[in-house]
Amino acid sequence: MQIYRLPPRSAALLFDMDSTLYTHPEYARAQVDPLIKRFGQKLGKDFPGARREIEDYRRNWAASHGGRTLSLGFVFAAYGITMEENIRWREESCEPGLYLKADPVLRDTLAVLASAFALAVVTNNPVSVARKTLDVLGVADLFKVLVGLDTCRVSKPHKAPFLKAAENLGLSPETCISVGDRYDIDLALPLELGMGGILVEGVGDVYKLPEVLGLSPP
Ligand SMILES: [Mg+2]
């Protein structure tokens, strides 16, 4: 875990979802592979070819952008994949129930956090997938706001989803802390917006947040 900034008057935690609220590399791959396959079909490429195309694009983009990481949504947009297709592909391919199960430790942790902070999810998955995932984890009722790919119709890293989450919570960005597993995607822009930022290596670090934020552990 790496804490980049904690605002003096924090009132909300904006969580990334995938690889933050759960850690499951196989499921992370199972979400991305069907998207790469669909992308390949559009380009007339097989799966390895499509994956190489994405890797090459990301490598070239990083080389001219100070080594920063680009989310898959931005790569798709660069190839003319519409937001509608991106949203539909994700809705059709994400089956969290096949991989994840209820996480009682996460539930206890979030319940403690919810006693002091408003909780939101800001994800590059559509809201329907976020809701399904949080339901499977058994924590959906603890989040006041879900901002997904279809809320602002842009992928992180973009300011809009973070600002929308703060707005929907009725809070200023300076009182929010973004929590996620990818600095460039989840933290760089929130920090620019005056938010706090905590980088986690997975849900194991989320379990430690009550203590980090000065609350009694569950
Ligand atoms: Mg993530």
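These numbers come from a predicted model, not from an experiment.

**Quick look at the overall build of the protein chain**
Of regular secondary structure, the protein chain possesses 11 helices and 6 strands. The globule rule puts the C-alpha radius of gyration for 218 residues at 17 Å, and the 17 Å found for the protein chain is close to it. Projected onto the principal axes, the alpha-carbon positions of the protein chain cover approximately 55 × 35 × 25 Å. When burial is assessed residue by residue, the protein chain has 36% of its 218 residues classed as buried. For the protein chain, contacts bridging at least 24 residues in sequence account for 68% of all contacts bridging at least 6.

**Quick word on the pairing of strand 6 (residues 196-199)**
Sheet analysis places strand 1 (residues 2-5) next to strand 6, joined by 3 bridges and oriented antiparallel. Bridge pairing links Q2 to L199 in strand 6. Note: strand 5 (residues 176-180) against strand 6, 4 bridges, orientation parallel. Counted as the bridge partner of G180 is L199 from strand 6. For the segment spanning strand 5, helix 9 (residues 183-192) and strand 6, crossover handedness is right-handed.

**Remarks on the packing of helix 1 (residues 25-43) against helix 4 (residues 83-93)**
At a minimum axis distance of 9 Å, the contact between helix 1 and helix 4 shows a crossing angle of 135 degrees. Classed by the angle they form, the pair helix 1 and helix 4 counts as oblique. Between helix 1 and helix 4 lies a crossing whose hand is right-handed. Between helix 1 and helix 4, the residues in contact are Q31, P34, L35 and R38 and W89, R90 and S93, respectively. Split into classes, the residues belonging to the contact of helix 1 with helix 4 amount to 3 nonpolar, 2 polar and 2 charged.

Cut-offs applied
Sequence order as written defines residue numbering, which begins from 1 separately in each chain. In view of the model being predicted, local features appear only for residues whose pLDDT reaches at least 70, and side-chain atom pairs are presented and counted only at 80 or more, with totals across whole chains, interfaces and linings using the full set of residues. Here a helix means four or more residues in a row that DSSP labels H or I, a strand means two or more in a row labelled E, and each is numbered from the N terminus. For the radius of gyration, the atom set is restricted to C-alpha positions; the globular benchmark scales as 2.2 Å times the number of residues to the power 0.38. Exposure in this text rests on C-beta crowding, where 20 or more other C-beta atoms within 10 Å of a residue's own make it buried, 12 or fewer make it exposed, and counts in between make it partly exposed. The C-beta atoms are placed from the backbone. The contact criterion used is a C-beta to C-beta distance within 7 Å, with each C-beta placed from the backbone. Between any two strands, at least two bridges found by DSSP are needed for them to pair. Handedness of a crossover: with both strands directed away from the viewer, a clockwise path from the first strand across the helix to the second marks it as right-handed. Angles run from 0 to 180 degrees between N-to-C directions of axes, and those axes are lines fitted to C-alpha atoms, restricted for helices to the stretch in contact. When an angle is under 35 degrees it counts as roughly parallel; over 145 it counts as roughly antiparallel; between 65 and 115 it counts as roughly perpendicular; any other value is oblique. By convention the crossing between two helices is left-handed if the near helix lies anticlockwise of the far one by an angle smaller than a right angle, and right-handed if it lies clockwise. Residues are grouped as follows: Ala, Val, Leu, Ile, Met, Phe, Trp, Tyr, Cys and Pro are nonpolar; Asp, Glu, Lys and Arg are charged; every other residue, Gly included, is polar.

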